[in-house]
Amino acid sequence: MSLKELLVDARKRYKIRREQPQLWHFEQQGFGYIQIPKVATRSIRKALHVSSGATTELNDFTAFESDNSAHVSKKHIRRQVDQGLFVFAFVRDPLARLHSAWVNKIVDGEKFGRRNILRCHGMHYGMSFADFVRRVSELKDNQVDRHIRSQAWFLADEKGLLPQFVGQLECFGDDWQRLQVQLPTLGNVDHMNKAAFNMDHLAAYDDRTLELAVERFAKDFELFGYSVPELKKGDAP
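These numbers come from a predicted model, not from an experiment.

Enquirer: In this structure, what is going on with unusual backbone geometry? I would like to understand it.
Expert: Residues other than glycine predominantly adopt negative phi, and peptide bonds predominantly adopt the trans conformation. Of note in this structure, Lys38 is not a glycine but carries a positive phi near 75 degrees. Here Lys38 shows up in the loop between β2 (31–35) and α2 (41–52). Of note in this structure, Ala40 is not a glycine but carries a positive phi near 55 degrees. Tracing the chain through its elements places Ala40 in the loop between β2 and α2. The buried category is assigned to Ala40, whose relative accessible area is 18%.

Enquirer: What is the right way to look at the pairing of β2 in this model?
Expert: The side chains of a regular strand alternate, residue by residue, between the two faces of the sheet. Buried residues dominate β2, accounting for 5 of its 5 residues. Of the two faces of β2, the one lined by Phe31, Tyr33 and Gln35 and the one lined by Gly32 and Ile34 are each fully buried. Pairing of strand β1 (residues 22–26) with β2, which is carried by 5 bridges, proceeds in the antiparallel orientation. If you follow Trp24 over to β2, its bridge partner there is Tyr33. The hairpin formed by β1 and β2 contains 4 residues between the paired strands, and Gly30 there has a positive phi angle of roughly 80 degrees. As paired strands, β2 and strand β4 (residues 86–91) are joined by 3 bridges and run parallel to one another. Residue Phe31 lies in a different strand from β4, and its bridge partner there is Phe86.

Enquirer: Would you mind going over the packing of aromatic side chains with me for this structure?
Expert: How two aromatic rings sit relative to each other is given by the distance of their centres and the angle of their planes. Enumeration over the complete set of coordinates arrives at 16 aromatic pairs. What links up through ring pairs into an aromatic cluster is the set Trp24, Phe26, Phe31, Tyr33, Phe64, Phe88, Phe90, Phe165, Phe172 and Trp176. The ring of Trp153 is capped by Arg149, whose NZ or CZ atom sits 4.1 Å from the centre of that ring. When the ring centre of Phe217 is taken as origin, the NZ or CZ atom of Arg216, which lies over that ring, is 5.0 Å away.

Enquirer: Whenever I open this one, the nonpolar core confuses me. Can you help?
Expert: Soluble, globular proteins show a tendency: their nonpolar side chains are buried together. Counting residues in hydrophobic clusters, the biggest one holds 60 residues, and the most contacted among them are Leu48, Phe88 and Phe132. Once residues lying within four places of it in the same chain are set aside, the contact partners of Leu48 are Trp24, Phe26, Phe31, Tyr33, Phe64, Phe88 and Leu186.

Enquirer: Before we go on, may I ask you to explain the environment of Leu210 in this structure?
Expert: Relative to the assigned elements, Leu210 resides in helix α9 (residues 207–216). Each C-alpha atom of the pair Leu210 and Leu231 lies 7.3 Å from the other, and the pair is 21 residues apart in sequence. In this structure, Leu210 is in contact with Leu95, Tyr205, Pro229, Glu230 and Leu231, ignoring residues within four places of it in sequence.

Enquirer: Any chance you could explain the pairing of β1 here in plain terms?
Expert: Extensive coverage of β1 is indicated by the burial of 4 of its 5 residues. Sheet analysis places β1 next to strand β3 (residues 69–71), joined by 3 bridges and oriented antiparallel. What sits directly across from Gln22, in β3, is His71.

Enquirer: What am I meant to see in the pattern of salt bridges here?
Expert: Side chains bearing opposite charge may pair, as long as their charged atoms lie close to each other. For the structure shown, the criterion picks out 11 salt bridges. Of the charged contacts in the structure, one is a salt bridge between Arg78 and Asp157, with a shortest N-O distance of 2.7 Å. Linking Arg78 in helix α4 (residues 74–82) with Asp157 in strand β5 (residues 156–157), this pair joins segments that are 79 residues apart in sequence. In terms of burial, Arg78 and Asp157 fall into one category: buried. Where Glu138 meets Arg135, a salt bridge forms, and the shortest distance between an N and an O atom there is 2.9 Å. We classify Glu138 as exposed; its relative accessible area is 53%. We classify Arg135 as partly exposed; its relative accessible area is 26%. Salt bridges sharing partners connect three or more residues here, namely Glu5, Asp9 and Arg119.

Thresholds applied
- Residues numbered from 1 in each chain as written.
- Predicted model: local features only at pLDDT ≥ 70, side-chain atom pairs only at ≥ 80, totals over all residues.
- Heavy atoms only, no water.
- Helix = DSSP H or I, 4+ residues; strand = E, 2+ residues; numbered from the N terminus.
- Buried < 20%, exposed > 50% of the residue type's maximum accessible area, 1.4 Å probe, protein only.
- Pairing = 2+ DSSP bridges.
- Phe/Tyr/Trp six-rings, centres within 6.5 Å; stacked < 30°, edge-to-face > 60°.
- Lys NZ or Arg CZ within 6 Å of the ring centre and 35° of its normal.
- Core = buried A, V, L, I, M, F, W, Y, C linked by side-chain atoms within 4.5 Å.
- Contact = heavy atoms within 4.5 Å.
- Salt bridge = Lys/Arg side-chain N within 4 Å of Asp/Glu carboxyl O.

The following block contains the structure:
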């Protein structure tokens, strides 16, 4: 690796350590949304675009994001909640989310010639899922890219959960309708990327990688009601 690449990776790791959760804040509508990568973010942003009455074009997410969201501290979010802001978020099975991150950032990244955004963590194109899981297990939340941070890092502080409503991707339609009861101005979700449900993510885990992932994301299992699968007592296919 060249000196320039080493410096680029060092700067990125520094930036990652300073990163804060992303809060979408719609003051007039009285609600906020904490965005977690790899959890239906595009579909939710489309619904927020409709709900907000945004003047930006639907496909101009950069302008919409700039106008309506900011990376802020969890103390700031807690203060907004205490002052009456209704905050929601959606989560996903931690094991499925981790596998999806590997497919998207490592497998598809190489396949489609994209820049490797995880290179700064020593994650390279062509690495196996087992090696990916082992590397993720070695990194703390404040050291790692947001796509592979725990969901608890985004949504919890020392007092507990920040959002008043946490839906699950696995029952997104039903949970979104429940959310709309509390937020009548919230738009419908017309389309969701179903790719996440077309893969048997558990088949990618063997007993060791399953143990590592469950330990690494223990807080997600604890906070969001996901069950820990039993060990296979054998190797992954």
